[in-house]
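Listed below are the residues making up each chain.
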Amino acid sequence: MALKVNRREFIKITGAGIGGAAVAGGVGKVAYGLIKGDSGDDVITRVPTFCEMCTFQCAGWAYTKNGKPWKIVGNELDEHCYGRLCTKGTSGFGIYNDPDRLKTPLIRTSERGKQVFREATWDEALTYIADKLKEIKETYGPESVAMFSHGSGGSWFKTLLKAYGTTDFVAPSYANCRGPREEAYMNTYGEAIESPERTDMKNSKCIVLIGSHIGENTHSQQVNEFAQALRNGASLIVVDPRFSIAASKAKYWLPIKPGTDLALLLAWINVIIYEELYDKDYVRRYTKGFEELKKAVKDNTPEWAYPITTISPDVIRETAREMAKHKPSTLIHPGRHNVWYGDDTQRVRAGAILNALLGSWGRKGGFFIPESAELPEWPIPAYPKPKRSFKDTEAGQKYQLANLAISAGVCAATVHGVTGEAERAFYEGWFIYGCNVLKSMPQRENTIKALQNLSLVVVIDVLPTEITGWADVVLPDTSYLERYDDIRHSQGRTPQIALRSPVFEPRYNSKPAWWIARELAYKMGLGDYFPWKDVEEYLDFKLKKIGSSLDEMKRLGVKNLERTTPLYIGKNEDYKFPTDSGKIELYSETLKNFGFDPVPVYRRHDEPEGGYYRLLYGRSASHSFARTINNPILSELDPENEVWVNPIVAIEWGLKNGQYVRLENQDGVVSNKVKVRVTERIRPDSVYMVHGFGSTAKNLRRAFGKGADDQELMTRILVDPIMGGQGMHGNFVTFRV
Amino acid sequence: MDNKIKYAMVIDTKLCVGCGACVVACKTENEVPEGRSRVWVVEEVSGVYPKLSMEIRSERCNHCTNAPCVSACPTGASHYHKSSENLVLVDSKKCTGCKACMAACPYDARFTMPEGYVTKCTFCLHRIEKGENPACMSVCPARAIHFGDLNDSNSEVSVLLKSRKFKVLQPEAGTQPNVYYLV
Amino acid sequence: MNESVFVTQKMTSSFADGWHIWGWEVSLYLFLGGLTAGILILSAMSLLKKKEELPVSSKLAILWAPIFLSLGMFFLFLDLTNKINVLRFYMTFHVTSVMSWGSWILLVIYPVSILLLLSVMQEGYPGIYKFIRKNLEPLVHGKLLKVFDLLVDFSIKKRDAIAKIAIPSGIALGIYTGILLSAFNARPLWNSAILGPLFLVSGISTGTAFVLLLSSGKERKLLLSVDSKLILTEIFILFLFFIGQITGGAQRRDAVMILFKGDILAPIFWIFVVFTGLLLPLILEWLEERGIEVPQKLQPLFVLAGGLALRIVLVEGAFILRELSTKALL
C-alpha cells in the first residue's frame, strides 16, 4: 500500500535524486515525487507524460490523489507548452475514465460496416492478424499493406511493418491538413515547417494570420507565443471571412471574401516590391528569381485585388507597410490546416515568398532554425527493401512532388490497383492506428469502397469510433496514461527529449501499443526487431546513449539538450539553403519543370449560387476534432456544434437562434440536425461549423448523434495538383428547416 | 480591516482567447463534479459585420467586498475568510442548502454539490496558502489571469489596475466585486 | 446585433445539475405562508370584532393556520439540499439574512396561532378539545393536562391581547414571503419593494378565500365582498409592480416581459393569475351579488389557484432569466 510522505521528506527525496522512494496507490507502480495533499491524509503522486489528446505532444505531470486520477498539468521545462496544457490536455484523465472505451480484442463476425464482433483473447486476435499478414505476404507481397497512423503509439507498428516489408505509412494530416504548407516551404526554402511549428512568434513584432485561428486552435505553444507577442505589443493582422478569436484581437481584421486569399497575398507582394519595402540585403544575399517575381506580380496591384477580395486598396497598402515596418520580425504565419481550394501549395507559397521579401526566415521574430535531439536506435537487423511503394501507385505517379503518401491515393489504390496492373488492387491490408479515417478524410464513400476491398483491416484504438465498425480485428490500445511510448524528440528552439510513462496499469483488457506490436512481431517471427526485454529496457538504453536514463527522465519528464547550431541566420552569414540553387526560390524552377506556375497566380474559385452558402469549418477550443467529443469532461464544456448564420441570412430563412436545422449540400447530401447560432461573426455568404461532431458511432454514448458532421457535406474536393491535397472549402450548403 | 488581504483577480480580456483551459484546470484541481463548474467563459459580440468587437471573459465568483451571498446566508455558512476582507468561502458543515446565497448572487457563481451543500470558487485557497497561484491562472496559456492583494499597492494586480483600463461585472449591483477585467 | 454566449457550457443541457435554485417547493411554501398569514389575520380581526355572524372566521379557520404553516415548512424543508444541517437555522440569527428573519418569524407564528386556536377551541372544536384532554390525562400523572388547561385558560383570558399580537405577526409573515424574494437584488424580476405588500394582500386574499370555502350564509356574503376589495387592491398593487418594473431599467423591464410574453410562464400568468385568479373571481362575485347562481366553491378556488400561480411564475421566472442568450437587436 501507499506510503505517506510529508512535504519535508518529499523535498529530501527529490533533492537527493533518489528515484523510486515509494510504491504508489494500489497500481503497483513506482511513483516519483510523493507530495503531501491538502488534507493531511491524501497521498499524491505524479508521473511524467506527454499528451495525446491532440498530436502536439505537450509534456506534463499526471497527478493522482489516493490512487485515483486527479489532474494533469504542464511541465515547466517543456517548450511545447511552457508548463501550460490546453483545455484538452488538462482533460486527459477523461479518456482514461471514459466508460465507452474498447475493453478487449474483438474479431468481426458479420460483414464490414457493422459493429458485430465477438470478444477474443489477445492470442486469438493476434494469431488471426499474423496468419492474414502471412497470407497477404505470400500472395501479394508485403508492400500490399499500408498503415494509417496518427498518434505516438504508431511508431511501434511502423517498426513492425517495416520489418514485415512495407513502408507505406499514411497520415491523413498530410493530404487533408498541412501537406500544402510543407511542400510550399520545401519548394521555397528547401525545408518544411514541421510540427511544432518553427515560427518564432513570441518574438514577432507583426503577425499575419491567414485563416489561421490561433486561440480556437489551442496548440499550447502557439497560443502561449501568440499571447506573449500581443502582450509585447505586436501588431496583428488577421485575414479571415469569419470574426475569429484571433480577428477580435487584431489591429487589422481583413474580412476577406472566401477563396481570394491568394489575390490578397499577391497584392501585398506587389506593394512590398514596388514600394521597395522589402529587405534588400536579404533578398540579394539569399534569394533567387526576384526579377521574375517582380515581373510576375506587376499587375497584382491593390486596385486589382480590391474587387476580388473586397478588401480596399488602402487597407492592403496600409497592412503591407505595417508588415514592412516591423521586418524582419514579421511573421506571415504558414497556418496549419491549408487544404482549402486546391491551389493551396501556391497560396502558402505566396506567404513563404512574402516572408522571404521581409527577410523573416531564419530571423528573430520570423522563423528560427529548429533542432531536435538525435536519439540512437536500438540495434536491430536491417529492414527488408520493399519492391514497390506508394510512389508506384497512380496517385504516387501523378503527384511526384508529394513527399508523403496521399490518403485519397491510398484509398484509390486499394480499389483500382496499380498502373499497368489494373486487374488487382495495390493494397490488400490496412493497419489503422489511433486515427478515425472515416472522420478525418472527406468523401467517405471512397474510403468505404476501399475498406470493402481489403482482405485485412486492423484497427488499434482506445475508443469504439466509426472506423472500428469496419475492422476485421479491433485491438484495444491503452490510453496514453497507461503506457510508455518512444521518447519524444521533436524539433524546437531547444533540442528536448520527453518521457511518457504510465500513471496506471492498463485498464480493462487493453494493452500498450508497444506490447501489441511486439507480440504481433513474435507471432510473425519478427521478434529480432523487438529484441529488448521490455520497453523500460529499450527506453533506458536509448536514454543512456545520450547521457540520460529512464530514472532521470522519470524525475524530470523533459530534458533540455544543448543546441549545436545558432538559432538564427547570422548577420551577413553565407547561409546555404537546402534547395537546388542553395537559395530561397522566389521563382521555382522545380515547379516550372513539373508544369506548375513558378510564381503563384491567382485563379478564381467557384462561388455559391442563390440560396447556397459556402461551408466553412474550424475547431472548438474544447476539442481535438472528433478525437475528444466523447471525453466526459470536454463533452460537458462543448457537447455539440452549431451552424453559424449571419443575421441577414437568418431573417431571410426565418431561422431562430437555437433552433435545429439540417444542411443540404450542392450534391443533395443532407446533414444531421444542427443547432443554429445567429451571429455577426460570420459573413452573409458563408456558414460555419466546428468540425468533428455528428458522430455515427453508437457506442460513443456521449457523442453519438450530437451536432452535424461538416465532412459528410464535403463531397466536392478541390485537389491540389502539386501534392494531391484535398481542398475542402469548395462545398456549398443550403438550409432544410 | 487594514492588515487584511484584499484578494483580487485581474483578467486581461485583450489576451484571453476563451479556450476554457481555466474551466478544466479548476474542475480537475478542485474535483468539481459533473454538471458543475466554478469557472466559465463568456463571449460578448457587438456590432454589425464587419464592424465588430468581441470581449471574452473567464468568469467566476467575484469575491465581493459587499457580498450579497454572505448577507443572505441564514446560518453563517457563507462567510469571509478570517485573513481577508473579501475572500468568500462556504462552510459545508453549516450550509443547509437553502440556496438563498445562490438566489442572491448576481453572477450565478454558486451551485450545489451532489452532497447537497453549496460551493463555488475559493480562489484556490488551498493553493494560495502554499504560495501557489490559483489553478486557472497557472494553466492560462495566454497568461491573461493575474492574482494578488489589492491592499498591497505594489502587487501585480494593483499595478495593473493603476496602469490599465478595467471594468467589473454588474457594478450597479453594489457588490464591489474583486474580479477585474482589463479592457 | 449584440450577442452574449457561454463559450463553455453552464447551467444548460448536460450542464444543468447543481444550478437549480428554487422551484415548486418554494412556490408552495410562499403560498402556504401567505395563506397562513391571511387566516391568522382574518381570524384575529373577526375575534376582535366579536361579531356573531362570523362563526367560521372567528372560531374555526384558525385551526388551519398551524397546519398550513407546518405544511409550508415541510415544503421548505423538502427544498433544502443539505437537510442534515437544518437545525443550523435556529442556532444563530443573521440580521442581514431575510431567510434567517423568516425562520424565526415562522417560530413566532406557531405559539401565536396555537394560543389563538386554544382560545376558541371549546366553542369551535369541542370534539378535538375533549379528545386532547382525554388523551393527556393519563400522561405524566396528569401534569400535561394541567398545563393544557392552564394554557387554555390563559388564552381565553388574554384572547384580545393574543389577537392583537396575531395581526402584526400575520402581517410580518405575509410581507416576509414577498420580501424573501425582493431582498435579492440579483434577480431583476424581484427587484421591487412592492413584492412585500403584494404578497401580503395576496396572502390575505387567499386566506379569505380559504375561509370562504368553509363558510356560508351571511358570513359568506361578507367575506365575498371583503375578498373583492382585496382582489381590487391586489390588481392595483400588481399594476404598480409592473409599472415599477417596466420603468425600472432595461433589466427589470426585460425580466417582467417573461411574464407577458415568455414561452411557458406567460400562459400561466395570463390564464391563472390574471384571468381566473383575479378577474374571474370579481366577475363571479358581481354575478352573485346580482342574484345569479354560481357554484359557491368556484370563486375561492380560483383565488387560491391564482395565488399559487402568482408565486410559481414569480419564482420560476427569476431563474429562467439566468441563461445567457443571444439578444437579437435587429
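To be clear, the structure that these remarks concern was listed above.
Anyway, here's the lowdown on the structure attached to this text. All figures in this text were calculated on a predicted structure; none of them were measured in a lab.

What to know about the packing of aromatic side chains
1) Next: Under the definition given, this model contains 56 aromatic pairs over all chains.
2) Next: With 6.0 Å between their ring centres and 75° between their planes, Trp24 of chain C and Phe75 of chain C make a pair best called edge-to-face. With Trp24 of chain C in helix H1 (residues 24-49) and Phe75 of chain C in helix H3 (residues 64-79), this pair connects stretches of sequence that are 51 residues apart.
3) Next: Trp24 of chain C sits in the partly exposed class, given a relative accessible area of 48%.
4) Next: Within the aromatic cluster, the residues linked to one another by ring pairs are Tyr185, Tyr189, Tyr282, Tyr286, Trp361, Phe367, Tyr575 and Phe577 of chain A.
5) Next: Taking NZ or CZ as reference, Lys10 of chain C lies 3.4 Å from the ring centre of Trp40 of chain B, over its face.
6) Next: Its guanidinium or amino end placed over the ring of Phe77 of chain C, Lys83 of chain C lies 5.7 Å from that ring's centre, counting from NZ or CZ.

Quick notes on the packing of helix H9 (residues 261-274) of chain A against helix H14 (residues 344-357) of chain A
All names here are of chain A.
1) Next: Put simply, H9 and H14 touch, their axes get as near as 9 Å, and they point 20° apart. Between H9 and H14, the angle is such that the two are roughly parallel. Two packed elements cross with a definite hand, and for H9 against H14 that hand is left-handed. Across from Asp261, Leu262, Leu265, Trp268, Ile269, Ile272 and Ile273 in H9, the residues of H14 making contact are Gln346, Arg347, Ala350, Gly351, Ile353, Leu354 and Leu357.
2) Next: Per-class residue counts for the contact of H9 with H14 are 10 nonpolar, 2 polar and 2 charged.

Looking at the interface of chain C and chain B
1) Next: Residue-level contacts link 42 residues of chain C with 48 residues of chain B.
2) Next: Both faces combined, the contact of chain C with chain B buries some 3,400 Å², and carbon together with sulfur accounts for 53% of it.
3) Next: Summed over the shared surface of chain C and chain B, the number is 2 salt bridges.
4) Next: Salt-bridge contacts for Arg187 of chain C lead to Asp108 of chain B; the nearest nitrogen and oxygen are separated by 2.9 Å.
5) Next: Our count for the chain C to chain B interface comes out at 27 residue pairs in polar contact (both at pLDDT 80 or more).
6) Next: Within the residue set of the side of chain C that touches chain B, elements represented by two or more residues are strand E1 (3-6) and helix H4 (98-124) of chain C.
7) Next: Considering every element that reaches the side of chain C that touches chain B, the biggest residue donor is E1 of chain C, with 4 residues.

Let's talk about the pairing of strand E8 (residues 145-149) of chain A
Residue and element names in this part refer to chain A.
1) Next: In terms of burial, E8 is a largely internal element, 5 of the 5 residues being buried.
2) Next: Of the two faces of E8, both are covered, the one formed by Val145, Met147 and Ser149 as well as the one formed by Ala146 and Phe148.
3) Next: In this sheet, strand E15 (residues 429-433) lies alongside E8 in parallel orientation, the contact comprising 5 bridges. Directly across from Met147, in E15, lies its bridge partner Phe431.
4) Next: Of the pairings in the sheet, the one linking E8 to strand E9 (residues 169-170) comprises 2 bridges and is parallel in character. Paired with Met147 across the strands is Phe169, a residue of E9.

Section: the side chain of Asp108 of chain B
1) Next: Considering the arrangement of structural elements, one finds Asp108 of chain B in the loop between helix H3 (100-104) and strand E6 (111-112).
2) Next: On the basis of relative accessibility, which here comes to 7%, the residue Asp108 of chain B falls in the buried class.
3) Next: Not counting chain neighbours up to four residues away, the residues in contact with Asp108 of chain B comprise Trp40 and Met102 of chain B together with Lys10, Met11, Trp19, Ile21, Arg187 and Arg322 of chain C.

Definitions and cut-offs
- Sequence order as written defines the numbering, with residues in each chain counted from 1.
- Key to labels: chains lettered from A, ligands numbered from 1, both in the order written.
- Given that this is a predicted model, residues contribute local features only at a pLDDT of at least 70 and side-chain atom pairs are listed and counted only at 80 or more, while totals for whole chains, interfaces and linings are drawn from all residues.
- The side-chain quantities take in all heavy atoms of the structure and omit both hydrogens and water.
- Aromatic rings from Phe, Tyr and Trp, taking only the six-membered ring of Trp, are treated as a pair when their centres fall within 6.5 Å; an angle between ring planes under 30 degrees marks them as stacked, one over 60 as edge-to-face, and anything in between as tilted.
- Strands here mean DSSP runs of E at least two residues long; helices mean DSSP runs of H or I at least four residues long; both are numbered from the N terminus.
- The cut-offs for exposure are 20% and 50% of the maximum accessible area for each residue type, with area from a 1.4 Å probe on protein chains only; residues under the lower value are buried, those over the upper are exposed, and the others partly exposed.
- Charges are assigned to positions over rings by a cutoff of 6 Å between ring centre and Lys NZ or Arg CZ, combined with an angular limit of 35 degrees from the ring normal.
- Interaxial angles span 0 to 180 degrees and are taken between N-to-C directions of axes, which are lines fitted to C-alpha atoms, for helices over the stretch in contact.
- Angle categories: roughly parallel below 35 degrees, roughly antiparallel above 145, roughly perpendicular from 65 to 115, and oblique for all the rest.
- It is the rotation of the near helix from the far one that decides the hand of a crossing: anticlockwise by less than a right angle makes it left-handed, clockwise makes it right-handed.
- In what follows, residue pairs with any heavy atoms lying within 4.5 Å of each other are defined as contacts.
- Asp, Glu, Lys and Arg are counted as charged, while Ala, Val, Leu, Ile, Met, Phe, Trp, Tyr, Cys and Pro are counted as nonpolar; the rest, among them Gly, fall into the polar class.
- When two parts are brought into contact, each loses some accessible area as probed by a 1.4 Å sphere; the total of that loss over both is the buried area.
- Any carboxyl oxygen of Asp or Glu within 4 Å of a side-chain nitrogen of Lys or Arg constitutes a salt bridge here.
- Any pair of N or O atoms that falls within 3.5 Å is considered a polar contact. Within protein, one atom must be able to donate a hydrogen and the other to accept it, and sequence-neighbouring residues count only if both atoms are side-chain atoms.
- Any two strands are treated as partners once DSSP identifies two or more bridges connecting them.

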